[in-house]
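If you want the building blocks of each chain, they are given just below.
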Amino acid sequence: KSLSATVWMLSTHLDAASFLPADVRIVRLLLNMDPGGEHRIACTHEELSYTLGLSRVTVSRVLSALAKRGWIRPGYRSVTLTDLDAMERMVTDIQ
């Protein structure tokens, strides 16, 4: 299990190093953090920013925009994914 977590983290860092827009990188990460389909991800804005190599302000701005679209519901140290179809379309449309 530790090896798969390490591989996942490294692949996430490689994605973060790409030249995708911040919103796409954040949506992709959130989708990848929900492999079990529970749709509730325990994380802070700072943890997301560190993982993606973005500023916390950028992460907060993007999460706020996603919440306004109805794609996520922010909570205390968590994010609940509410519109997976729209999020998956965003990620696949950019590729």
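Worth saying up front: this structure is predicted, and the values here are computed from it rather than measured.

(A) Looking closely at the pairing of strand E3 (residues 78–81). The alternating pattern of E3 places Ser78 and Thr80 and Val79 and Leu81 on opposite faces, both of which are buried. Bridge analysis of strand E1 (residues 40–42) against E3 gives three bridges, and the strand direction is antiparallel. In the sheet register, alanine 42 faces E3, and the bridge partner there is serine 78. Pairing between strand E2 (residues 72–75) and E3: four bridges, direction antiparallel. The partner of proline 74 across the bridge, within E3, is valine 79. Between E2 and E3, which pair antiparallel in sequence order, lie two residues; one of them, arginine 77, sits at a positive phi of approximately 55 degrees.

(B) Region of interest: the environment of arginine 69. Checked against the element boundaries, arginine 69 lands in helix H4 (residues 56–69). Distance in space between the C-alpha atoms of arginine 69 and proline 35 is 22 Å, their sequence separation being 34 residues.

(C) Region of the structure containing the nonpolar core. Ranked by internal contacts, the top residues of the largest apolar core, which has 24 residues, are Ile26, Leu30, Leu63, Leu66, Ile72, Leu81 and Met87. The element contributing the most residues to this core is helix H2 (residues 22–32), with seven residues. Discounting chain neighbours no more than four positions away, the residues touching leucine 81 are Leu30, Leu31, Asp34, His39, Ile41, Trp71, Ile72 and Met87.

(D) Representation of the sheet that holds E1. If you trace the three strands from one edge of the open sheet to the other, you get E1-E3-E2, paired in antiparallel fashion. Pairing within the sheet leaves two strands with one partner each, and these edge strands are E1 and E2. In this sheet, neighbouring strand axes are inclined to one another by 20 degrees on average, regardless of whether the strands run parallel or antiparallel.

(E) Quick look at H4. For H4, with 14 residues, the first-to-last C-alpha span of 20 Å sits near the 20 Å given by 1.5 Å per residue. What H4 keeps buried is the set Thr58, Val59, Ser60, Val62, Leu63 and Leu66. Summarising the contacts, the buried residues of H4 are in contact with H2, helix H3 (45–52) and E2. In the stretch just after H4, glycine 70 is the one whose phi turns positive, near 85 degrees.

About the criteria used
- Residue indices follow the written sequence of each chain, beginning from 1 at its first position.
- Residues qualify for local features only when their pLDDT is at least 70, as the model is predicted, and side-chain atom pairs are given and counted only at 80 or more; totals for whole chains, interfaces and linings, by contrast, use all residues.
- The side-chain quantities take in all heavy atoms of the structure and omit both hydrogens and water.
- Note on classification: 1.4 Å probe, protein chains only; a residue is buried when its accessible area is under 20% of the maximum for its type, exposed when over 50%, partly exposed between these limits.
- Strands here mean DSSP runs of E at least two residues long; helices mean DSSP runs of H or I at least four residues long; both are numbered from the N terminus.
- The rule for pairing is simple: two strands pair if DSSP sees at least two bridges between them.
- Put simply, a nonpolar core is a bunch of buried Ala, Val, Leu, Ile, Met, Phe, Trp, Tyr and Cys residues held in one set by side-chain atoms that sit within 4.5 Å of each other.
- Whether two residues are in contact is decided by their heavy atoms: any pair within 4.5 Å suffices.
- Axis geometry follows a simple rule: fit a line to the C-alpha atoms, using only the stretch in contact for helices, then measure angles between N-to-C directions, giving values from 0 to 180 degrees.
- Helices are assigned an expected span. That span is 1.5 Å times one less than the residue count.

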